[in-house]
Amino acid sequence: MRPADASQRATRVLDRLLAPLPPHVREKARDYLVLTRMDRPVGALLLLWPTWWALWLAADDFPPWSTLIIFTLGVFAMRAAGCAINDYADRKLDPQVARTAGRPIASGRVTPREALVVFGALLAFAFVLVLFTNALTIKLSFAGAALAALYPFTKRYTYMPQVVLGAAFGWAIPMAFAAVTNHVPPLGWLLFIGNILWSVIYDTEYAMVDREDDLKAGAKSTAILFGDADLPILAILMATFELTMLFVGQRAQLGWPYWLALAGSVALFGYQLWRIRGRDRDACLAAFRHNNWLGLVLWAGIVVALALR
């Protein structure tokens, strides 16, 4: 059973890669890949773009290859680990939500214990990667692991788990600055705040897909908290994010390519608001995925602006 929010293209790629394996091995491997959302790569990209923003800004140009490889692999490992622990935490909630009922734990294809083992293995792999950086980055990594483990449980106690998600997704930003410069300047923390705002925006759009089901199941989210005021609040958050990224550009002394990219991100946000104006589930999911382009546009603006100095 394929989860309702899986990418058809990514699913086809996984099926081709797993085709040579024996049937019983292929099915279990596929379940583990689905558990870690390898059939939905957009989530990893939403974590990757801010990490790359930070690496380029910290290096003031193209970052060292070793650091780029470490953080890129780390992004995918930590996102996968976060998905495994998320499904473990939601093992009783997911069967009650139409979009998530087909997930491996919810449908019984992966046991909760297996999910914990996967989470631990991915966390260990990410920590090994961090050992190739410096002492400050290693120290910061413990906070990042704690945030990744904490986030899935916050939706039971607060209506703003998206803020914790933003901190968990964005913790690679101070780590990137620490790895490149051995300290975290104000620019790094400003970018971190911007990423929290962006995460609340796109994960609220995502939560709007499940709002009715979450209300019945007793889960909490910003989509439920905002209620009928969700669209104007999202617009305010988008404007605040743009202002934060404007300050990032000023502090980093970026040139016209970045400002052009920032203007493009405003247009992309406008398109998202237009798409979700009727609060249709499919439109909200499409708007969430659309943020991948926003992250790419801003990264391209940073790269070109730094290259043209």
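Definitions and limits used
- Residues numbered from 1 in each chain as written.
- Predicted model: local features only at pLDDT ≥ 70, side-chain atom pairs only at ≥ 80, totals over all residues.
- Heavy atoms only, no water.
- Helix = DSSP H or I, 4+ residues; strand = E, 2+ residues; numbered from the N terminus.
- Rg over C-alpha atoms; globule rule 2.2 N^0.38 Å.
- Buried < 20%, exposed > 50% of the residue type's maximum accessible area, 1.4 Å probe, protein only.
- Contact = heavy atoms within 4.5 Å.
- Areas by Shrake-Rupley, 256 points an atom, 1.4 Å probe, with all protein chains shown as cover.
- Polar contact = N/O pair within 3.5 Å; in protein donor to acceptor, adjacent residues only side chain to side chain.
- Core = buried A, V, L, I, M, F, W, Y, C linked by side-chain atoms within 4.5 Å.
- Patch = residues over 30% accessible without salt bridge, like charges linked within 9 Å, V, L, I, M, F, W, Y side chains within 5 Å.
- Salt bridge = Lys/Arg side-chain N within 4 Å of Asp/Glu carboxyl O.
- Phe/Tyr/Trp six-rings, centres within 6.5 Å; stacked < 30°, edge-to-face > 60°.
- Lys NZ or Arg CZ within 6 Å of the ring centre and 35° of its normal.

Colleague: Where do I start with the overall build of the chain in this structure?
Modeller: Secondary structure assignment for the chain yields 14 helices and zero strands. Across the chain, helices and strands are ordered from the amino to the carboxyl terminus as α-α-α-α-α-α-α-α-α-α-α-α-α-α. The C-alpha radius of gyration of the chain comes to 19 Å, within 12% of the 19 Å expected for a compact globule of 309 residues. Across its three principal axes, the chain shows a C-alpha extent of roughly 55 × 45 × 35 Å. Expressed as a percentage of the 309 residues in the chain, the buried residues total 55%. The contacts of the chain with a sequence gap of at least 6 include a subset with a gap of at least 24, amounting to 73%. Total accessible area computed for the chain in this model is approximately 13,500 Å², and 67% of it derives from carbon and sulfur atoms.

Colleague: Can you help me understand helix α7 (residues 161–170) in this one?
Modeller: Of all ten residues in α7, nine are buried, a share of seventy percent or more. Contacts made by the buried residues of α7 are with α3 (42–59), α6 (135–154), α8 (172–181), α9 (186–209) and α11 (222–226).

Colleague: Help me out: how do you make sense of the side chain of Thr72 in this one?
Modeller: Among the secondary structure elements, Thr72 is positioned in helix α4 (residues 65–89). For Thr72, the side chain forms a polar contact with the side chain of Trp52, separated by 3.1 Å. The residues contacting Thr72, other than those within four sequence positions of it, are Leu48 and Trp52.

Colleague: Help me understand the nonpolar core, please; the structure alone is not making it clear to me.
Modeller: Formed by 75 residues in total, the largest nonpolar core has its most connected members in Trp53, Leu57, Leu191, Phe241, Met245 and Tyr258. Sort the elements by how many residues they give to this core and α9 lands first, with 14 residues. For Leu57, the contacting residues outside a window of four places in its chain are Phe177, Leu187, Leu191, Val248, Ala252, Leu254, Ile302 and Leu306. Formed by twelve residues, the second largest nonpolar core is a distinct cluster that contains Ala80, Ala84, Ala115 and Leu122.

Colleague: Would you mind showing me how to read a nonpolar patch on the surface here?
Modeller: Taken together, Phe62, Trp65, Ile69, Leu73 and Phe125 make up a surface patch of nonpolar side chains, about 530 Å² in accessible area. A per-element tally of the nonpolar patch places α4 first, with three residues. Mapping Trp65 onto the fold places it in helix α4.

Colleague: Sorry if this is basic, but what is going on with unusual backbone geometry here?
Modeller: Across the chain, the bulk of peptide bonds are trans and the bulk of non-glycine residues have phi less than zero. One non-glycine residue, Arg37, lies in the positive phi region at around 65°. Its place among the elements puts Arg37 in the loop between α2 (23–35) and α3. By relative accessible area, which is 6% here, Arg37 ends up buried. A positive phi angle, close to 60°, is found at Arg279, a residue other than glycine. Within the secondary structure layout, Arg279 lies in the loop between α13 (256–275) and α14 (281–307).

Colleague: Quick question: what am I supposed to make of the packing of aromatic side chains here?
Modeller: Aromatic ring pairs are defined here through the distance separating the ring centres and the angle between the ring planes. Evaluated as defined, the whole model comprises 19 aromatic pairs. Considering the side-chain rings of Tyr258 and Trp259, the 5.3 Å spacing of their centres and the 75° angle between planes classify their relative orientation as edge-to-face. The rings of Trp53, Trp198, Tyr202, Tyr206, Phe241, Phe269 and Phe288 are connected pair by pair, giving a single aromatic cluster. Of note, Arg91 hangs over the ring of Tyr88, and the distance from its end group to the ring centre comes to 4.2 Å. One residue, Arg277, lies across the ring of Trp274, its end atom 4.1 Å from the ring centre.

Colleague: Please clarify how the side chain of Asp203 should be interpreted in this entry.
Modeller: Following the sequence through the fold, Asp203 ends up in helix α9. A relative accessible area of 9% places Asp203 in the buried class. Not counting the four nearest positions on each side in its chain, Asp203 is found in contact with Tyr151, Gln162 and Leu165.

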